[in-house]
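# Summary of the model geometry
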Amino acid sequence: MAGRCELYTDKAGKYRFRLKASNGQVIASSEAYESRASAQNGIASVKANAGSETVDLT
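This text gives an overview of the structure that appears in the document. Numbering of residues begins from 1 in every chain and follows the order in which that chain's sequence is written. Restriction of local features to residues with pLDDT of at least 70 applies here, the model being predicted, together with a cutoff of 80 or more for giving and counting side-chain atom pairs; totals for whole chains, interfaces and linings are based on all residues. Hydrogens and water are ignored here; the side-chain numbers use all heavy atoms of the structure.

## Structural notes on the packing of aromatic side chains
Ring geometry is summarised as follows: Phe, Tyr and Trp rings, the Trp one being its six-membered ring, pair when their centres sit within 6.5 Å, and such pairs are stacked at plane angles under 30 degrees, edge-to-face over 60 and tilted between the two. Using the criterion set out here, one finds 1 aromatic pair in the structure. An angle of 15° between the planes, with centres 6.2 Å apart, marks the rings of Phe17 and Tyr33 as stacked. Here Tyr33 lies in the loop between strand S3 (26-29) and helix H1 (36-50) and Phe17 lies in strand S2 (residues 15-20), a separation of 16 residues in the sequence. Across the pair, Tyr33 and Phe17 agree in class, each one buried. To sit over a ring, a charge needs its Lys NZ or Arg CZ within 6 Å of the ring centre and within 35 degrees of the ring normal. Here the guanidinium or amino end of Arg18 rests over the ring plane of Tyr8, the centre of that ring lying 3.8 Å away. Helix and strand assignments come from DSSP, with helices taken as H or I runs of at least 4 residues and strands as E runs of at least 2, each series counted from the N terminus. Throughout, exposure labels follow a simple rule: accessible area from a 1.4 Å probe, protein chains only, divided by the maximum for the residue type, with under 20% read as buried, over 50% as exposed, and the rest as partly exposed.

## Some words on the pattern of salt bridges
Salt bridges are defined as contacts in which a side-chain nitrogen from Lys or Arg sits within 4 Å of a carboxyl oxygen from Asp or Glu. Inspection of every chain in the model, using the stated rule, returns 4 salt bridges. For Glu6, the salt bridge goes to Arg18, with nearest N and O atoms at 2.2 Å. With Glu6 in strand S1 (residues 3-9) and Arg18 in strand S2, the pair connects residues that are 12 residues apart, well separated along the chain. The exposure class of Arg18 is partly exposed, given its relative accessible area of 25%. Between Asp10 and Arg16 there is a salt bridge, and its shortest N-O distance comes to 2.8 Å. Taking relative accessible area as the criterion, Arg16 reaches 26% and is therefore assigned partly exposed.

## Thoughts on the environment of Val46
When you line up the elements, Val46 lands in helix H1. When the C-alpha atoms of Val46 and Leu19 are compared, they prove to be 9.1 Å apart, with 27 residues separating the residues in sequence.

## Brief notes about H1
What a helix is expected to span follows from its residue count: subtract one and scale by 1.5 Å. With 15 residues, H1 ought to run about 21 Å at 1.5 Å a step, and its terminal C-alpha atoms sit 21 Å apart, in line with that. Considered for burial, the residues of H1 that qualify are Ala39, Gly42 and Ile43. Projection of H1 onto a plane perpendicular to its axis shows the buried side chains occupying an angular sector of 95°, all on one side. Away from the buried face of H1 by more than 90 degrees, exposed residues Asn41 and Ala48 are located. Summarising the geometry, the arc corresponds to the directions from the helix axis toward the C-beta atoms.

What follows is the structure in structure tokens.
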């Protein structure tokens, strides 16, 4: 089963994402992004570099 990205807003109001394994364990966390679109681009970059079967963006 693929990992999953979770997009969220941190306490400072910036956007971040976590990459979670299929068992729910966090295996990577992103830097802070000023905009949601920038964070989504970061997720797309992870997906492109990890392989499409590895990361689910939903």
